[in-house]
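Coordinate inspection notes
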Amino acid sequence: MITLEHVSKAYTAGIPALNDVSLHIDKGEFVFIVGDSGSGKSTLIKLLLKELEPTEGTITVNGRALNKIRRRQIPKFRRKIGVVFQDYRLLKDRNVYDNIAFAQKVIGESNKHIKKRVPQMLSMVGLAAKYKSFPNQMSGGEQQRVAIARALINEPEILLADEPTGNLDNNNTWEIMKLLEEINNRGTTVVVVTHNLEIVKVMKKRVITIKRGTVVSDSRTGDGDEA
């Protein structure tokens, strides 16, 4: 599903953002990636999305070697990867329905299909009654639910969540994590970048720890036992 082989990424001469990283994430896994600020977590996400190119090494996602994907093929490749960010990135001038529908319009889905899919996604994230609301009328937790629905509407095989609870209070944090776990239980591979170690400890999933660009531990149970 996701494989990195001896991947390094250097922005400028000197200390690399990632240094000789090798890891494999299987289809259907739920994985946390943790590390201090500047450890290389965000660089890893950008590499998986092909927003950046590695300085060394190879990356394979959904069976495709990223170094063999041409520029014009990148949008189609990214359709199989849903992404959720800390700051939601919703369209402020559009309501909830249109924010989610936008992801379908970009890939050319029919209005008939969109009218069926958007309500389904809103129901899944518990916001069926909020379809006419605008982002500034919603709580942070609700906005993140909209962002998750938008990320999932095109049925991606992988969901990348980059600090998805970073702007949320404790109650909303756990609601979002519960939702991500439900999504994973439906078969989507979920990769969560976070600095919230309380979440990591409680949920007992696989945890990959990065420090100064290097994988320093890989625990498959969330309790500290290295794989």
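Scroll up a little and you will see the structure.
Rules of the game
- Residues numbered from 1 in each chain as written.
- Predicted model: local features only at pLDDT ≥ 70, side-chain atom pairs only at ≥ 80, totals over all residues.
- Heavy atoms only, no water.
- Helix = DSSP H or I, 4+ residues; strand = E, 2+ residues; numbered from the N terminus.
- Buried < 20%, exposed > 50% of the residue type's maximum accessible area, 1.4 Å probe, protein only.
- Contact = heavy atoms within 4.5 Å.
- Areas by Shrake-Rupley, 256 points an atom, 1.4 Å probe, with all protein chains shown as cover.
- Lys, Arg positive; Asp, Glu negative; His and termini not counted.
- Charge placed at Lys NZ, Arg CZ, Asp CG, Glu CD.
- 1 Å grid on protein atoms, 1.4 Å probe; cavity = no way out; pocket = protein on both sides within 12 Å on 5 of 7 lines; lining within 4 Å.
- Points joined across faces, edges and corners; volume = space filled by probe spheres on them.
- Nonpolar A, V, L, I, M, F, W, Y, C, P; charged D, E, K, R; others polar.
- Core = buried A, V, L, I, M, F, W, Y, C linked by side-chain atoms within 4.5 Å.
- Polar contact = N/O pair within 3.5 Å; in protein donor to acceptor, adjacent residues only side chain to side chain.

Moving on, we come to the overall build of the chain. Helix and strand content of the chain: seven helices and 10 strands. Summarising its shape, the C-alpha atoms of the chain cover approximately 50 × 40 × 30 Å along the three principal directions. Residue burial in the chain is summarised as follows: out of 227 residues, 48% are buried. Sequence-distant contacts in the chain: of pairs separated by 6 or more residues, those separated by 24 or more amount to 67%. With the model as given, the accessible surface of the chain reaches about 11,700 Å², and the carbon-plus-sulfur share is 47%. Measuring between centres, the 35 positive side-chain charges of the chain sit 9 Å from its 26 negative side-chain charges.

This part is about empty space enclosed by the protein. Inspection of every chain in the model, using the stated rule, returns one cavity of 30 Å³ or more. Considering only enclosed or pocket space, the largest cavity measures out at about 60 Å³ in volume. Leu47, Lys50, Leu52, Glu53, Pro54, Gly57, Thr58, Ile59, Leu66 and Asn67 are the residues that line the largest cavity. At three residues, strand 4 (residues 56–61) tops the list of elements feeding residues into the lining of the largest cavity. Broken down by class, the residue content of the lining of the largest cavity amounts to five nonpolar, three polar and two charged.

Before going further, it helps to examine the nonpolar core. Core analysis: the biggest nonpolar cluster contains 39 residues, and Phe32, Ile148, Leu180 and Ile183 have the highest contact counts within it. Of all the secondary structure elements, the ones that give two or more residues to this core are strand 3 (30–34), helix 3 (96–106), helix 4 (111–124), helix 5 (140–152), strand 7 (158–162), helix 6 (170–185), strand 8 (189–194) and helix 7 (197–203). When residues in this core are grouped by element, the largest group, six residues, is from helix 5. Excluding residues that lie within four positions of it along the chain, Phe32 makes contacts with Met177, Val192, Thr194, Ile199, Val200, Met203, Lys205, Arg206, Val207 and Ile208.

The next subject is the side chain of Lys50. Among the structural elements, Lys50 can be located in the loop between helix 1 (41–48) and strand 4. Assessed through its relative accessible area of 8%, Lys50 is described here as buried. Polar contacts involving the side chain of Lys50 include one to the main-chain carbonyl oxygen of Leu66, which spans 2.7 Å. Each residue touching Lys50, except ones within four places of it in the same chain, is listed here: Leu66, Asn67, Ile69, Ile74, Phe77 and Arg78.

Here the focus is helix 1. Burial analysis of helix 1 places six of its eight residues in the buried class, which makes it a mostly covered element. Within helix 1 the residues assigned to the buried category are Lys41, Thr43, Leu44, Ile45, Leu47 and Leu48. Downstream of helix 1 by one or two residues, Lys50 has phi in the positive range, about 60°.

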